[in-house]
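# Coordinate analysis (summary)
The chain contents come next:
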Amino acid sequence: MEETRSRELKLLAQKIRLETLKIIASRGNGHIGGSMSIADALAVLYGEVLNVDPKDPLKKDRDWCVLSKGHAGPAMYAALGLKGYFPIEEAYTLNDYRSHFPSHTDRSLTRGVDLTTGSLGQGISEAAGAALGNKMQGIKSYVYVFVGDGEADEGQVWEAAQFAAHYKLDHLIALIDENGRQLDGSCDEVMSHGRGIAAKFDAFGWNVIEVKDGNDVDEICDALLLAKKQEGPSAVILHTVKGKGVTYVEKTGAHSSKPSKEEWAEMLKEAKEKLAAMEGSL
Amino acid sequence: MMYRLSEKHEKDLRPCCDGYADALLEMMKENDKVIHIDCDLMGCIDVGKVKAVFPDRVLNAGIAEANAIGVAAGMAATGMIPFVHSFGVFASRRAFDQAYLSAGYSRWPVHVIGSDPGVTAAFNGATHMPFEDAGLYLDIPNATVIDPCDYNEAFSLSRKLLNEKYVTYMRLIRRDHIQVYEDGSEFEIGKGILLKEGTDVTIIASGILVYNALVAAEKLEAMGISASLIDMHTWKPLDEDLLLKDVAKTGAVVTAENHQVSCGLGSAVANVLIRKLPVPQEFIGNQGRFGQCGPQADLEREYHMTADDIAAAALRAIDRKG
Ligand SMILES: Cc1ncc(C[n+]2csc(CCOP(=O)(O)OP(=O)(O)O)c2C)c(N)n1
Ligand SMILES: [Mg+2]
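Residues numbered from 1 in each chain as written. Chains lettered and ligands numbered in written order. Predicted model: local features only at pLDDT ≥ 70, side-chain atom pairs only at ≥ 80, totals over all residues. Heavy atoms only, no water.

## A few points about a nonpolar patch on the surface
All names here are of chain B. Rules: Patches here are clusters of residues that have more than 30% relative accessible area and form no salt bridge, with a 9 Å joining cutoff for like charges and a 5 Å cutoff for nonpolar side chains (Val, Leu, Ile, Met, Phe, Trp, Tyr). Shrake-Rupley sampling with a 1.4 Å probe provides the accessible areas, and residues are treated as covered by the protein chains on show and by no other component. For this document, the term salt bridge refers to a Lys or Arg side-chain nitrogen within 4 Å of an Asp or Glu carboxyl oxygen. A helix here means a DSSP run of H or I that spans at least four residues, while a strand means a run of E at least two residues long, and both kinds are numbered starting from the N terminus. Here the term buried applies to any residue with accessible area under 20% of the maximum for its type, exposed to any over 50%, and partly exposed to those in between, with areas from a 1.4 Å probe on protein chains only.
A grouping of Tyr 100, Leu 101 and Tyr 105 is seen on the molecular surface, where their side chains present a nonpolar patch of about 300 Å² in accessible area. Looking at the element boundaries, Tyr 100 is found in helix H6 (residues 96-105). You can call Tyr 100 partly exposed: its relative accessible area is 30%.

The structure is reproduced here in structure tokens:
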């Protein structure tokens, strides 16, 4: 990818990280880990790949972005806010009474959210349905869907995989967040994936594209562009780090975090300093 | 049955879910067939301490609730005694056909624990807020359904589940809650608790609304109204004897549940009364709306579950006696 474009996407990813932290900080605790692992992929999607218009969030030929791992809502709100769907400050009300920004993405509450998720496994089926619905109506847009590696325990994920391959949904692209951890610990301890999630998608008839560093915007971008050219549905396997970029969370890979005041201050400081350093080098 | 009402009405410092985890530990010590299967939510109800003692009998099925209940049924068929936990929404809606057929209809004792009932799901929001979980289990003909109100009740009733022959469902508050009963209190499945005897109206509550109902009864008393209060921790089998005996005296009823009224405690009570002793009944609970996120206190107001709401409903029920 072009040098400046790559640097801009990295910058956007860091902005998403900082805003995600601010959003979760407004509540005081939340899913920092699983939000951070997809910050780079969200930057590539919203900064480069997606055909979307924040002024017309429901335009017919838009690309869709679905968070099947709905608990990473804060990262999505950061990406949407920075893209201009709403003033980002509105999202500093995470989970407040009557807030439009619940932890889990909800299409009836938040501008720019395409499908409602939160019950793991459901988003990928909904995304497959959207891809098929678009296809049947001659709409050429793509549907991107984030799936967690813990989420991939759900049988529904594989029912959706089977369906998507059967109907040759070549405009369905799943981004698998392989951060190696779910709520109770590592996926290997809690519920292992046999020969691996990639091998499973392959066996289900999907194109599988492995991204060695799923927190690297260049690698992600290349993989998504490649996925768009394939016949049939594609699974882009992002090998990521839970909590990426936030030392406090990266250390433990915690699913949900409840940092103290001091820890919050430290995390925000770290994110701001990283952003300033990047802006300086631009 | 031995229970003592706590005088203090203070926040219990123990998370309510420890009532289950502590009971589980005792049951595992006493009976080597007892196992716990979780769906990647062990961390949410602190069964880690039980796993530390019995690493081979606390299992994780991953984020796959329907399979977990199916597996539990198969294990029960071999004589094991499985407890299965997930959040209430997933332990019911997500796995209901398995609960109904593999466990219920097949007549295996599978004990399902659904945490974060109703508004206690609070910040986890709409997708995680079960208002129909217990209602679904009520519809399984041989199921036992329980909605405990505090640590001590959850502890005692968890242990009693061991005697049940068929599928059971227990709602489990996770953390903050008011202590209603003193330590050492004992409860029986299917036996409601008459917490207060009155003459004007019978309030029937369970779960977090037992405490709100206690406060409501005090408010009513200050207004010169004498209310009975029943903690109906078991929704099924319902304690009809206690219900009918008390309502025969008062002639008016308020049911109070942290659940949809269309399919919960209120409708179970109405089902009995309308046939055997028709009296005016008012329903406190979710009146047919979806969940939403927010602090529990705000949500109790939003869904009209506060002590004031219960007291006002009591006045309406009395008014309708005619
Ligand atoms: C059906 C269902 N079961 C359980 C949960 C509770 N839950 C939320 S996140 C999570 C762990 C998810 O792990 P993973 O998919 O790997 O997410 P990530 O690591 O990307 O945060 C669990 C068990 C849920 N939201 N939905
Ligand atoms: Mg994960």
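So, next bit.
## Focus on the coordination of the magnesium ion (ligand 2)
All names here are of chain A. For clarity, the cut-off: Donor criterion used throughout: N, O or S atom within 2.8 Å of the metal, extended to 3.2 Å for Na, K and Ca. Water excluded; incomplete-looking sites may result.
Around the magnesium ion (ligand 2), the protein supplies Asp 149 (OD), Asn 179 (OD1) and Arg 181 (O) as donor atoms, at distances of 2.1 Å. Counting gaps between the donor residues of the magnesium ion (ligand 2) yields the pattern D-x29-N-x1-R. In this pair, Asp 149 is assigned in the loop between strand S2 (143-148) and helix H6 (155-166) and Asn 179 in the loop between strand S3 (172-178) and helix H7 (187-190), connecting sequence segments 30 residues apart. Residue Asp 149 is classed as buried on the basis of its relative accessible area, which comes to 3%.

## Focus: the site of ligand 1
Heads up, the condition is: Each residue is tested against the molecule or strand, and it is near if at least one of its non-hydrogen atoms lies within 4 Å. Identification of polar contacts relies on pairs of N or O atoms within 3.5 Å, with a donor-acceptor requirement for protein atoms, meaning one able to donate a hydrogen and the other able to accept it, and with residues adjacent in sequence counted only if both atoms are side-chain atoms. Each residue is assigned to one class: nonpolar for Ala, Val, Leu, Ile, Met, Phe, Trp, Tyr, Cys and Pro, charged for Asp, Glu, Lys and Arg, and polar for all the others, Gly among them.
Contacts to ligand 1 come from 25 residues, most closely from Lys69(A), His71(A), Asp149(A), Lys242(A) and Glu65(B). One finds residues of chains A and B in close proximity to ligand 1. With respect to ligand 1, the backbone of Gly118(A) contributes an N or O atom lying 2.8 Å from a nitrogen atom. At 3.0 Å from a nitrogen atom of ligand 1 is found a main-chain nitrogen or oxygen belonging to Leu120(A). Isolated, ligand 1 exposes 590 Å² of accessible area, and the fraction of that covered by the protein chains is 99%. When the residues that make up the shell around ligand 1 are grouped by side-chain class, the tally is 5 nonpolar, 10 polar and 10 charged.

## With respect to the interface of chain B and chain A
To keep things clear, this is the line we draw: Contacts between residues were defined by any pair of non-hydrogen atoms, one from each residue, lying within 4.5 Å. Here the quantity called buried area is the total loss of accessible area, with a 1.4 Å probe, experienced by two parts when brought into contact, counted for both.
Contacts between chain B and chain A engage 24 residues on the former and 25 residues on the latter. Taken over both partners, the interface formed by chain B and chain A buries close to 1900 Å², and the fraction arising from carbon and sulfur atoms is 50%. Considering only the surface of chain B that becomes buried against chain A, Ile63(B), Arg94(B) and Phe123(B) emerge as the three largest contributors, covering 32% of it. Counting across the chain B and chain A interface gives 2 salt bridges. Between Arg98(A) and Glu302(B) there is a salt bridge, and its shortest N-O distance comes to 2.5 Å. For the pair chain B and chain A, the number of links is 17 residue pairs in polar contact (both at pLDDT 80 or more). Secondary-structure elements contributing two or more residues to the side of chain B that touches chain A are helix H2 (42-45) and helix H12 (296-302) of chain B. Residue composition of the side of chain B that touches chain A, by class: 11 nonpolar, 8 polar and 5 charged.

## Side note on the side chain of Asn152(B)
Residue and element names in this part refer to chain B. Its location among the elements puts Asn 152 in helix H8 (residues 151-160). At 3.3 Å, the side chain of Asn 152 and the backbone oxygen of Glu 182 are in polar contact. Setting aside anything within four residues of it in sequence, one finds Asn 152 in contact with Arg 14, Gln 179, Tyr 181, Glu 182, Asp 183, Gly 184 and Phe 187.

## Observations regarding the packing of aromatic side chains
The following threshold applies: Two aromatic rings from Phe, Tyr or Trp, using only the six-membered ring of Trp, form a pair when their centres are within 6.5 Å; if the ring planes differ by under 30 degrees the pair is stacked, by over 60 it is edge-to-face, and anything between is tilted. A ring is considered to have a charge above it if a Lys NZ or an Arg CZ atom is located within 6 Å of its centre and within 35 degrees of its normal.
Scanning the model with the defined rule gives 16 aromatic pairs over all chains in all. Measuring from centroid to centroid gives 5.1 Å for Tyr77(A) and Phe101(A), while their planes differ by 80°, and the two rings are edge-to-face. Taken as a pair, Tyr77(A) in helix H4 (residues 73-83) and Phe101(A) in the loop between H4 and helix H5 (122-136) lie far apart in primary sequence, 24 residues in all. Both residues of the pair, Tyr77(A) and Phe101(A), belong to the buried class. By way of ring pairs, the aromatic residues Trp158(A), Phe201(A), Phe204(A) and Trp206(A) are connected into one cluster. Here the guanidinium or amino end of Arg14(B) rests over the ring plane of Tyr151(B), the centre of that ring lying 3.9 Å away.

## Observations concerning helix H1 (residues 17-30) of chain B
For clarity, the threshold we go by: Between the first and last residue of a helix there are one fewer steps than residues, each counted as 1.5 Å, and that sum is the expected span.
With 14 residues, H1(B) should cover 20 Å at 1.5 Å per step; its first-to-last C-alpha distance of 20 Å lies within 8% of that length. Among the residues making up H1(B), those that are buried are Cys17(B), Asp18(B), Gly19(B), Tyr20(B), Ala21(B), Ala23(B), Leu24(B), Leu25(B), Met27(B) and Met28(B).

## Quick notes on the sheet that holds strand S1 (residues 64-67) of chain A
All names here are of chain A. Rules: Pairing between two strands requires that DSSP report at least two bridges joining them. To obtain each axis, a line is fitted to C-alpha atoms, and for helices this fit is confined to the stretch in contact; angles are then taken between N-to-C directions over 0 to 180 degrees.
Pairing within the open sheet is parallel, and its 5 strands lie in the order S1-S2-S3-S5-S4. Each having just a single partner strand, S1 and strand S4 (207-211) make up the two edges of the open sheet. The sheet shows a mean angle of 20° between the axes of neighbouring strands, taken without regard to direction. Two strands pair when backbone bridges link them, and S2 and S3 are joined in this way by 6 bridges, in the parallel orientation. Counted as the bridge partner of Gly 148 is Asp 177 from S3. Where helix H3 (residues 39-49) meets the sheet, its contacts fall on S1, S2, S3 and strand S5 (234-239), and the angle it forms with S2 comes to roughly 175°.

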